[in-house]
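Reading the structure
This is what each chain is made of:
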Amino acid sequence: PKLYRDASLLDVYDDLGCSIRAYDYHNRAIVREDPDDVWMEVIEDEPKRLVEVLHTPVGDLTQVMGKTEESSLLSEFFVKEIEDIDVIEYVLEHRRYRFDLEKYAEMEALIGDRTAPVVFCVRTPLMRMFIEYVGFENTIYAMHEHPVRMERFIRHMEETDRHFFDMVMESP
């Protein structure tokens, strides 16, 4: 609308008396760090499609994402074969997080007293399998066909998530 043409999102929230989604701001203070031997190659092979290739010393995985201006949806997940889980586990095992206090202070100054600090934490292992790594249907099949390996994957995610939660607990 004309009224909000030059307004920031926070100005619109303030004018409408709406609460903000604070994690959109505070999560900017969380820095994910992967080792130098893990990197993502992003290929926009069509205007509304991204191909991401995850490169690691233990293998490369590919996912495909459809995208719009406002949203995205994975149509092909990293894990296609049960052995692909080894690559994801390598990444999770070597990933670290740190809290950027300067970025946090910048976001706090921007947000002011609109809300308490909030961050969006990592999803539960099962939800990550559904949404990020394997896909819903393939996760269900894998849980049935490879229950021991899938249980080990869940435990691995729980263990490696400690790095994230320790960082959050030590933050302001």
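Please refer to the structure higher up on the page.
Computed from a predicted model, the values in this text were never measured in an experiment. (Residues numbered from 1 in each chain as written. Predicted model: local features only at pLDDT ≥ 70, side-chain atom pairs only at ≥ 80, totals over all residues. Heavy atoms only, no water.)

As enumerated under the stated definition, the model contains 13 salt bridges in all. Put simply, Asp86 and Arg149 hold a salt bridge, and the shortest N to O gap is 2.9 Å. Of this pair, Asp86 sits in helix H3 (residues 85-94) while Arg149 sits in helix H7 (residues 147-170), and the two are 63 residues apart along the sequence. Assessed through its relative accessible area of 39%, Asp86 is described here as partly exposed. Between Arg123 and Glu132 there is a salt bridge whose closest N-O contact spans 2.8 Å. It is possible to trace a salt-bridge network through shared partners that takes in Arg32, Asp34 and Arg95. (Salt bridge = Lys/Arg side-chain N within 4 Å of Asp/Glu carboxyl O. Helix = DSSP H or I, 4+ residues; strand = E, 2+ residues; numbered from the N terminus. Buried < 20%, exposed > 50% of the residue type's maximum accessible area, 1.4 Å probe, protein only.)

Below, the discussion takes up the side chain of Asp84. Positionally, Asp84 belongs in the loop between strand E5 (72-76) and H3. For the buried Asp84, no salt bridge is present, and the opposite-charge side chain at shortest range is Lys80, 5.7 Å distant. A polar contact of 2.9 Å, which involves the side chain of Asp84, links it to the backbone nitrogen of Lys80. When neighbours within four sequence positions are excluded, Asp84 is seen to be in contact with Leu61, Phe78 and Val79. (Lys, Arg positive; Asp, Glu negative; His and termini not counted. Polar contact = N/O pair within 3.5 Å; in protein donor to acceptor, adjacent residues only side chain to side chain. Contact = heavy atoms within 4.5 Å.)

Once that is clear, we can look at the packing of helix H5 (residues 125-133) against helix H6 (residues 136-145). Contact geometry for H5 and H6: axes closest at 7 Å, N-to-C directions at 125°. Judged on the interaxial angle alone, H6 and H5 are oblique. As for how H5 packs across H6, the hand of that crossing is right-handed. Residue-level contacts link Leu126, Met129 and Phe130 of H5 to Phe136, Thr139, Ile140 and Met143 of H6. Taken together, the residues of the contact of H5 with H6 sort by class into six nonpolar, one polar and no charged. (Axes fitted to C-alpha atoms, helices over the stretch in contact; angles between N-to-C directions. Parallel < 35°, antiparallel > 145°, perpendicular 65-115°, else oblique. Left-handed = near helix turned anticlockwise from the far one by under 90°. Nonpolar A, V, L, I, M, F, W, Y, C, P; charged D, E, K, R; others polar.)

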